[in-house]
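# Structural features, examined
Next come the chains, spelled out residue by residue.
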Amino acid sequence: MQEGRGKSRLVMNKFMPLTHTKDLFAKALKGKYALGAFNVNNMELIQAIIEACEEEKAPLILQISKGARQYANPVYLKKLIEAAVSVSNIPIAVHLDHGDTFELCKQCIDEGFTSVMIDASHEAFDKNVEITRKVVEYAHKFNCSVESELGHLVGAQFDEGEEGGAHSMSGHYTVPEEAVKFVRDSGCDSLAIAIGNSHGAYKFKGEQHLDLERLKLIKQALLDANLGDYPLVLHGASSVPKYLVDEINRYGGKMPDAQGVPEADIEVARRVGCTKVNIDTDLRMAMTAGIRKVFAEKPGEFDPRKFLGPARQMVKDLVRHKVKNVLCSAGHAFD
Ligand code: G3H
Ligand code: 13P
Ligand code: ZN
C-alpha cells in the first residue's frame, strides 16, 4: 500500500459486506428518490453521515476521492467505514469518486469498492469511451459498477453551452444524443452529466441555475434508445447554504459570494432522474462553521473533542436535512 500516510504492511482485504451500488440504484429508481453520495476523509465525517442516515433510515453511498486516500491512507478509511457498517443497519455502498486512471480504479475494485468512477471527461469523446470501456471490462468481472462522465463541469459562470471543447463532441454541456452513444459504446452503468454544475463553493455568478431542460432531454434520449430508466449522476450538488456561509463569515472566515445549487433545482433533478447526488462542499462548510464558532467563542479551548464534536453535529444536522427534505431517501433503507 503505497498511497497516503504511512506504508501498510497489511494486504488489503475486501470490505466487509456492503450493499451493492447497483442494488441501491435499482431501488432508488423505483422509489423515485436520490441517493446521497457523501465524500469522506475522516472519522467525524463518517460518523456524522452514518448517524444521520441511520436515524433517518436512508440508504447511502460513501465516496472516497484520490485526495481522500492520499490524506487518510486507504487502510484507515476502510477500517473506519467497516466500523460504521458494523454499528449500523442501513444499506451502505462504497464508491471511488473521480478515479483518474485505470490503475486507481482497479485498485479500488480489488479492495471491494461496490462502484468506481472513471473520470476521463477531459479527454476526447473516443478516448473517454476507450478508457471507460477498459474499466468496465475489469469491474464487471468483479461485480463492481462503473460511473463515467460526459461533458465538462465548468459551471454556469463559464456558460459556454454548445461552444466547442475537446472533451465532448459539441461543447462543455452533455449532449443527449452523445450520452446515448457514450453509454452504448462504453457500457458504463451510470453517467455523470454536465448541465451547468460545478464543484466547490463558488458555482455561479449572478443567477443560479442548472440546465434542467437539458437534463430532461438526456433522460428521455436514454429512454428512447431502450436503455431503460438509466441512472444519471449529479456532481457538484452542494447548495452552499446561506446559514453556513453567514456562520463561517461571522466567525472570522472569508467566503464572499459563495453560491451553490438551489435546493429546488436539486429536487427537480431528482424527480427527472438524477439517482446519485454528490455532496462534499456542504459537508466541509458545516465542519468549518462548527470549528470556527468554537474557536471564536472559546479561544482558550484546546481539546479537539470540544471543536470536532460540535462540527460533527453540524454535519449530521446538514445530512439529515438533505436526505429528508431534498433527496427524499429518508425512510427507504429497508424497502
Ligand atoms: O469532486 C471532488 C470532491 O469534492 C473531492 O474533492 O479531490 O479535494 O477530495 P477532493
Ligand atoms: P460539491 O463540491 O458541490 O459538493 O460536489 C461534490 C462532488 O461532485 C464530488 O464528486
Ligand atoms: Zn464530482
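Here the structure is shown first, and the text comes after it.
What comes next is a walk through the structure.

Here is what the cut-offs are and how they apply
- Residues numbered from 1 in each chain as written.
- Chains lettered and ligands numbered in written order.
- Predicted model: local features only at pLDDT ≥ 70, side-chain atom pairs only at ≥ 80, totals over all residues.
- Heavy atoms only, no water.
- Near = heavy atom within 4 Å.
- Polar contact = N/O pair within 3.5 Å; in protein donor to acceptor, adjacent residues only side chain to side chain.
- Areas by Shrake-Rupley, 256 points an atom, 1.4 Å probe, with all protein chains shown as cover.
- Nonpolar A, V, L, I, M, F, W, Y, C, P; charged D, E, K, R; others polar.
- Pairing = 2+ DSSP bridges.
- Helix = DSSP H or I, 4+ residues; strand = E, 2+ residues; numbered from the N terminus.
- Axes fitted to C-alpha atoms, helices over the stretch in contact; angles between N-to-C directions.
- Contact = heavy atoms within 4.5 Å.
- Phe/Tyr/Trp six-rings, centres within 6.5 Å; stacked < 30°, edge-to-face > 60°.
- Buried < 20%, exposed > 50% of the residue type's maximum accessible area, 1.4 Å probe, protein only.
- Lys NZ or Arg CZ within 6 Å of the ring centre and 35° of its normal.
- Salt bridge = Lys/Arg side-chain N within 4 Å of Asp/Glu carboxyl O.
- Left-handed = near helix turned anticlockwise from the far one by under 90°.
- Donors = N, O, S within 2.8 Å, 3.2 Å for Na, K, Ca; no water.

Around ligand 1 sit N39, S65, D97, H98, H199, D280 and R284, and that is every residue in its neighbourhood. H98 places a side-chain nitrogen or oxygen 3.3 Å from an oxygen atom of ligand 1. Interatomic distance of 2.6 Å between a side-chain N/O atom of D280 and an oxygen atom of ligand 1. For ligand 1, whose unbound accessible area comes to 300 Å², protein coverage reaches 67%. Class assignment for the residues of the shell around ligand 1 results in no nonpolar, 4 polar and 3 charged.

What follows covers the sheet that holds strand β7 (residues 232–234). Think of a sheet as strands paired side by side through backbone hydrogen bonds, with each pair either parallel or antiparallel. The 8 strands lie next to each other as β1-β2-β3-β4-β5-β6-β7-β8, forming a closed barrel whose pairing is parallel. For this sheet the average axis-to-axis angle between neighbouring strands, irrespective of direction, equals 25°. Along the sheet, helix α5 (residues 102–111) contacts β3 (92–99) and β4 (115–118); its crossing angle with β4, the most-contacted strand, is approximately 175°. Against the sheet, helix α10 (residues 263–272) engages β7 and β8 (274–279), with an angle of about 145° to β8.

To continue, consider the packing of aromatic side chains. Pairs of aromatic rings are described using the distance from one ring centre to the other and the angle between the two planes. Applying the stated criterion across every chain yields a total of 4 aromatic pairs. An angle of 80° between the planes, with centres 5.9 Å apart, marks the rings of F102 and Y138 as edge-to-face. A residue pair is termed long-range when its members are at least 10 positions apart, and F102 in helix α5 and Y138 in helix α6 (residues 125–141) qualify at 36 residues. Centroid distance F125 to F182: 5.8 Å. Interplanar angle 75°. Geometry classified as edge-to-face. Of the two residues, F125 sits in helix α6 while F182 sits in helix α7 (residues 176–186), which places them 57 residues apart along the sequence. Residue F182 is classed as buried on the basis of its relative accessible area of 0%. An aromatic cluster is built from F102, Y138 and F142, whose rings are joined through pairwise contacts. Over the ring of F102 we find K134; its NZ or CZ atom is 4.4 Å from the centre of that ring.

Inspection of every chain in the model, using the stated rule, returns 22 salt bridges. Across the salt bridge formed by E55 and R320, the nearest N and O atoms sit 2.3 Å from each other. With E55 in helix α2 (residues 43–56) and R320 in helix α12 (residues 304–326), the pair connects residues that are 265 residues apart, well separated along the chain. Owing to a relative accessible area of 27%, R320 belongs among the partly exposed residues under this scheme. A salt bridge links D110 to K106, with the shortest nitrogen-to-oxygen separation between them at 2.9 Å. Here D110 pairs with K106, and both are found in helix α5, just 4 residues apart, close to one helical turn. With a relative accessible area of 29%, D110 lands in the partly exposed category. Under the relative-accessibility criterion, K106 is labelled partly exposed at 31%.

At a minimum axis separation of 8 Å, helix α11 (residues 281–297) and α12 run at an interaxial angle of 145°. Seen along the crossing, α11 lies across α12 with a hand that is right-handed. For the pair formed by α11 and α12, the contact residues are D282, L283, A286, M287, A289, G290, I291, V294 and F295 on the first element and K306, F307, L308, P310, A311, R312, M314, V315, L318, V319 and K322 on the second. Residues of the contact of α11 with α12, tallied by class, amount to 15 nonpolar, 1 polar and 4 charged.

Let us look at the coordination of the zinc ion (ligand 3). Within the protein, the atoms that donate to the zinc ion (ligand 3) are H98 (NE2), H199 (NE2) and H235 (ND1), at distances of 2.1 Å. The partly exposed category is assigned to H199, whose relative accessible area is 45%.

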